Amino acid sequence: ADQRTLDRLKAMTREPTAEELANKLPKKTQGSVGGMKLDQRCLSGRAICISKAARQLAWVVDGKVQLSMDVRFGAKRSPTREGTFQVDFKSRNHVSKLYHSKMPYSLFFSGGQAIHYSSDFARRGYNGASHGCVNVRDKGAVQTLFDLARVGDKVIVY
(Lines give C-alpha, C1' and ligand atoms only; values in the text may rest on other atoms or scores of the structure.)
Protein backbone atom coordinates (compact mmCIF):
# COMPACT_ATOMS: atom_id res chain seq x y z
CA ALA A 1 0.00 0.00 0.00
CA ASP A 2 1.19 3.51 -0.68
CA GLN A 3 1.41 6.27 1.97
CA ARG A 4 -1.91 7.85 0.97
CA THR A 5 -3.73 4.52 1.48
CA LEU A 6 -1.99 3.93 4.82
CA ASP A 7 -2.94 7.45 5.99
CA ARG A 8 -6.58 6.89 5.04
CA LEU A 9 -6.67 3.53 6.84
CA LYS A 10 -5.13 5.06 9.95
CA ALA A 11 -7.69 7.90 9.89
CA MET A 12 -10.52 5.35 9.85
CA THR A 13 -9.26 3.45 12.88
CA ARG A 14 -9.55 4.15 16.58
CA GLU A 15 -8.28 2.73 19.84
CA PRO A 16 -10.51 -0.22 20.85
CA THR A 17 -12.48 -0.02 24.09
CA ALA A 18 -11.81 -2.37 27.01
CA GLU A 19 -15.08 -4.19 26.19
CA GLU A 20 -14.00 -4.70 22.58
CA LEU A 21 -10.59 -6.04 23.62
CA ALA A 22 -12.31 -8.49 25.99
CA ASN A 23 -14.83 -9.43 23.28
CA LYS A 24 -17.74 -8.13 25.38
CA LEU A 25 -20.77 -6.29 24.07
CA PRO A 26 -20.66 -2.59 25.01
CA LYS A 27 -23.10 -1.45 27.69
CA LYS A 28 -26.08 0.45 26.34
CA THR A 29 -26.15 3.84 27.99
CA GLN A 30 -28.32 6.84 27.44
CA GLY A 31 -26.62 9.16 24.99
CA SER A 32 -24.45 6.62 23.18
CA VAL A 33 -24.36 3.21 21.53
CA GLY A 34 -21.13 1.48 20.58
CA GLY A 35 -18.95 4.20 19.03
CA MET A 36 -21.95 6.39 18.24
CA LYS A 37 -22.73 9.45 20.37
CA LEU A 38 -26.40 10.31 20.13
CA ASP A 39 -27.37 13.80 19.04
CA GLN A 40 -29.38 15.74 21.66
CA ARG A 41 -32.39 15.73 19.29
CA CYS A 42 -32.51 11.94 19.67
CA LEU A 43 -33.00 11.87 23.43
CA SER A 44 -36.76 12.47 23.56
CA GLY A 45 -39.68 10.74 21.89
CA ARG A 46 -39.33 8.23 19.06
CA ALA A 47 -36.35 8.83 16.79
CA ILE A 48 -34.27 7.19 14.11
CA CYS A 49 -30.80 8.61 14.78
CA ILE A 50 -28.21 8.33 12.04
CA SER A 51 -24.55 9.20 12.64
CA LYS A 52 -22.48 9.66 9.52
CA ALA A 53 -19.27 9.75 11.56
CA ALA A 54 -19.97 6.38 13.23
CA ARG A 55 -21.79 4.93 10.18
CA GLN A 56 -24.51 3.77 12.55
CA LEU A 57 -28.27 4.04 12.83
CA ALA A 58 -30.01 3.74 16.18
CA TRP A 59 -33.73 3.37 16.91
CA VAL A 60 -34.20 5.38 20.10
CA VAL A 61 -37.30 5.67 22.28
CA ASP A 62 -37.25 8.23 25.10
CA GLY A 63 -33.46 8.36 25.06
CA LYS A 64 -32.94 4.59 25.21
CA VAL A 65 -31.41 2.73 22.26
CA GLN A 66 -33.67 -0.13 21.24
CA LEU A 67 -31.88 -1.24 18.05
CA SER A 68 -28.74 -0.31 16.12
CA MET A 69 -27.26 -1.22 12.76
CA ASP A 70 -24.44 -0.43 10.32
CA VAL A 71 -25.28 2.00 7.51
CA ARG A 72 -23.66 3.67 4.52
CA PHE A 73 -24.57 6.88 2.72
CA GLY A 74 -24.72 8.71 -0.57
CA ALA A 75 -21.71 9.33 -2.77
CA LYS A 76 -20.08 12.77 -3.08
CA ARG A 77 -22.26 13.58 -6.10
CA SER A 78 -25.44 12.50 -4.31
CA PRO A 79 -24.88 13.02 -0.58
CA THR A 80 -27.31 12.04 2.14
CA ARG A 81 -28.85 15.24 3.51
CA GLU A 82 -28.25 16.13 7.15
CA GLY A 83 -30.86 17.61 9.46
CA THR A 84 -34.10 16.88 11.26
CA PHE A 85 -36.76 15.09 9.23
CA GLN A 86 -39.64 12.73 9.83
CA VAL A 87 -40.76 9.47 8.30
CA ASP A 88 -43.01 10.70 5.48
CA PHE A 89 -44.13 7.31 4.20
CA LYS A 90 -43.18 3.64 4.29
CA SER A 91 -42.95 1.16 1.41
CA ARG A 92 -42.26 -2.50 2.20
CA ASN A 93 -41.33 -3.60 -1.36
CA HIS A 94 -40.30 -0.33 -2.99
CA VAL A 95 -38.53 -0.22 -6.37
CA SER A 96 -36.82 3.02 -7.40
CA LYS A 97 -38.45 4.59 -10.45
CA LEU A 98 -35.27 6.57 -11.10
CA TYR A 99 -32.65 3.81 -10.70
CA HIS A 100 -34.87 0.70 -11.12
CA SER A 101 -33.31 -0.88 -8.03
CA LYS A 102 -35.03 -2.76 -5.23
CA MET A 103 -35.34 -0.79 -1.97
CA PRO A 104 -37.07 -3.16 0.47
CA TYR A 105 -38.29 -1.81 3.81
CA SER A 106 -38.04 1.84 2.73
CA LEU A 107 -38.66 4.57 5.26
CA PHE A 108 -38.74 7.83 3.26
CA PHE A 109 -37.65 10.93 5.16
CA SER A 110 -36.43 13.61 2.72
CA GLY A 111 -37.83 13.68 -0.79
CA GLY A 112 -36.54 10.55 -2.51
CA GLN A 113 -34.09 9.74 0.27
CA ALA A 114 -34.96 6.75 2.42
CA ILE A 115 -33.56 4.28 4.89
CA HIS A 116 -33.71 0.81 3.27
CA TYR A 117 -32.06 -2.58 2.89
CA SER A 118 -29.32 -2.74 0.27
CA SER A 119 -28.19 -6.06 -1.17
CA ASP A 120 -25.20 -4.18 -2.65
CA PHE A 121 -24.14 -3.01 0.83
CA ALA A 122 -24.62 -6.54 2.16
CA ARG A 123 -22.44 -7.90 -0.68
CA ARG A 124 -19.73 -5.21 -1.08
CA GLY A 125 -19.73 -3.41 2.27
CA TYR A 126 -18.43 0.14 2.27
CA ASN A 127 -16.91 -0.27 -1.23
CA GLY A 128 -19.94 1.46 -2.68
CA ALA A 129 -22.43 4.20 -1.97
CA SER A 130 -26.06 5.07 -2.46
CA HIS A 131 -27.65 7.87 -4.46
CA GLY A 132 -28.42 9.66 -1.18
CA CYS A 133 -30.30 6.98 0.71
CA VAL A 134 -29.23 5.44 4.00
CA ASN A 135 -28.35 1.83 3.12
CA VAL A 136 -28.65 -0.96 5.69
CA ARG A 137 -26.90 -4.30 5.14
CA ASP A 138 -28.77 -6.28 7.81
CA LYS A 139 -32.13 -7.16 6.26
CA GLY A 140 -33.58 -8.51 9.50
CA ALA A 141 -32.63 -5.36 11.43
CA VAL A 142 -34.14 -2.97 8.89
CA GLN A 143 -37.29 -5.11 8.70
CA THR A 144 -37.62 -4.80 12.48
CA LEU A 145 -37.08 -1.03 12.23
CA PHE A 146 -39.67 -0.85 9.44
CA ASP A 147 -42.21 -2.63 11.65
CA LEU A 148 -41.48 -0.44 14.71
CA ALA A 149 -41.27 3.00 13.08
CA ARG A 150 -44.39 5.01 12.32
CA VAL A 151 -45.09 7.76 9.82
CA GLY A 152 -44.25 10.98 11.67
CA ASP A 153 -41.39 9.56 13.77
CA LYS A 154 -38.27 11.78 13.87
CA VAL A 155 -35.28 11.05 11.63
CA ILE A 156 -32.09 12.82 12.67
CA VAL A 157 -29.11 12.67 10.29
CA TYR A 158 -25.89 14.18 11.60
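Residues numbered from 1 in each chain as written. Predicted model: local features only at pLDDT ≥ 70, side-chain atom pairs only at ≥ 80, totals over all residues. Heavy atoms only, no water.

(A) How the structure looks around the environment of Leu 43. Counting through the fold element by element, Leu 43 comes out in the loop between strand E2 (36-37) and strand E3 (46-51). Sequence spacing of Leu 43 and Val 61 is 18 residues, and the spatial spacing of their C-alpha atoms is 7.6 Å. (Helix = DSSP H or I, 4+ residues; strand = E, 2+ residues; numbered from the N terminus.)

(B) A look at the environment of Gly 152. With respect to the helices and strands, the residue Gly 152 is situated in the loop between helix H4 (139-148) and strand E11 (154-157). Assessed through its relative accessible area of 39%, Gly 152 is described here as partly exposed. A C-alpha to C-alpha distance of 8.3 Å links Gly 152 and Phe 89, two positions 63 residues apart in sequence. Each residue touching Gly 152, except ones within four places of it in the same chain, is listed here: Gln 86 and Val 87. (Buried < 20%, exposed > 50% of the residue type's maximum accessible area, 1.4 Å probe, protein only. Contact = heavy atoms within 4.5 Å.)

(C) How the structure looks around the sheet that holds strand E6 (residues 83-86). With mixed pairing, the nine strands of this open sheet are ordered in space as E6-E11-E3-E4-E5-E10-E9-E8-E7. Looking at the sheet topology across the chains shown, the edges are occupied by E6 and strand E7 (89-95). Averaged over all adjacent pairs, the angle separating strand axes in this sheet is 30 degrees, with direction ignored. Taken together, the three bridges between strand E9 (residues 113-117) and strand E10 (residues 134-136) define a ladder with parallel strand orientation. Residue pairing across strands places Tyr 117 opposite Val 136, the latter belonging to E10. (Pairing = 2+ DSSP bridges. Axes fitted to C-alpha atoms, helices over the stretch in contact; angles between N-to-C directions.)

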